[in-house]
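Topology and contacts: notes
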Amino acid sequence: MGHLTALLIVGTSVIIFGNILHIVGVATNYWVSGTFRVPSHSHIADLDHNAGLWEMCVNSDCDKLEDVNSIWDNYSTEFEATRAMMIIGLLFGLAGGLLAIALVICVLIGKTAHRSLCVGCIGCISAAFIFILIGLIIYGVEIYDDYFSDYDIDYSYALCIVAGILLPFGAVLIFAGCMTKE
């Protein structure tokens, strides 16, 4: 196995792993979390809150964000924009991953006409990176700073950040593999 094949396989693996992290980050309800002390009739209760792009949970009792009026009435456009950017980023990332897999298969079976696959993969991953970045910025600036600033950023948001870093890193490895002469 030469440098070309090794770079393509490693790049494809990084892209696949980035896509998995992005799927988990978008799907889970831990973009933010926090614990609040609330006075009750006879004691002070601790309420554990966590929220994602789809649901907000209080002590493991979850409601769709659309049903939480205090959030949805003020931030529905921002949540919809974040969701859209993250889903479009996910679709481009998955397309780039499929093209990377096709590229590796072409190289392993000895096909040399793989430049278009390389360009398509890099283009899809670049688009995925841009959409993920825009989604993270919308959430961080428009939603977190305004509504969730008392909360802590949690693992779902962090997974999307890591995915947003891994995807272009994998694309760079794919690019290096495509430019390498064996």
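Provided above is the structure to which this section pertains.
What to know about the state of the cysteines
Applying the stated criterion across every chain yields a total of 2 disulfides. Across the disulfide from C57 sits C62; the S-S distance is 1.9 Å. Around the S-S axis, the bridge from C57 to C62 shows a dihedral of about 100° and counts as right-handed. Paired through a disulfide, C118 and C178 show a sulfur-sulfur distance of 2.0 Å.

A look at the environment of L53
You can see L53 is positioned in the loop between strand 2 (44–51) and strand 3 (55–58). Note: C-alpha distance between L53 and V26 (27 residues apart in sequence) is 6.9 Å.

Some remarks on the nonpolar core
Core analysis: the largest hydrophobic core is formed by 38 residues, its most contacted members being W31, M56, F79, M86, Y139, F148 and I174. Mapped by element, the contributors of at least two residues to this core are helix 1 (3–27), helix 2 (69–108), helix 3 (115–144) and helix 4 (155–179). Ranked by size, the runner-up nonpolar core spans 6 residues in total, among them V14, L21, L159 and A163.

What counts and how
- Position numbers for residues start from 1 in each chain and track the written sequence from start to end.
- The predicted nature of this model means local features are confined to residues of pLDDT at least 70 and side-chain atom pairs, given and counted, to a pLDDT of 80 or more, with totals for whole chains, interfaces and linings taken over all residues.
- Side-chain numbers come from the whole structure's heavy atoms, not from hydrogens or water.
- We call a pair of cysteine sulfur atoms a disulfide when they lie within 2.5 Å.
- What counts as a helix is a DSSP run of H or I of at least four residues, what counts as a strand is a run of E of at least two, and both are numbered from the N terminus.
- Residues enter a nonpolar core if they are buried and are Ala, Val, Leu, Ile, Met, Phe, Trp, Tyr or Cys, with the set joined through side-chain atoms within 4.5 Å.
- Any residue under 20% of the maximum accessible area for its type is buried, any over 50% is exposed, and the rest in between are partly exposed; the area is computed with a 1.4 Å probe on protein chains only.

Treat this as a map of the structure, not an account of what it does.
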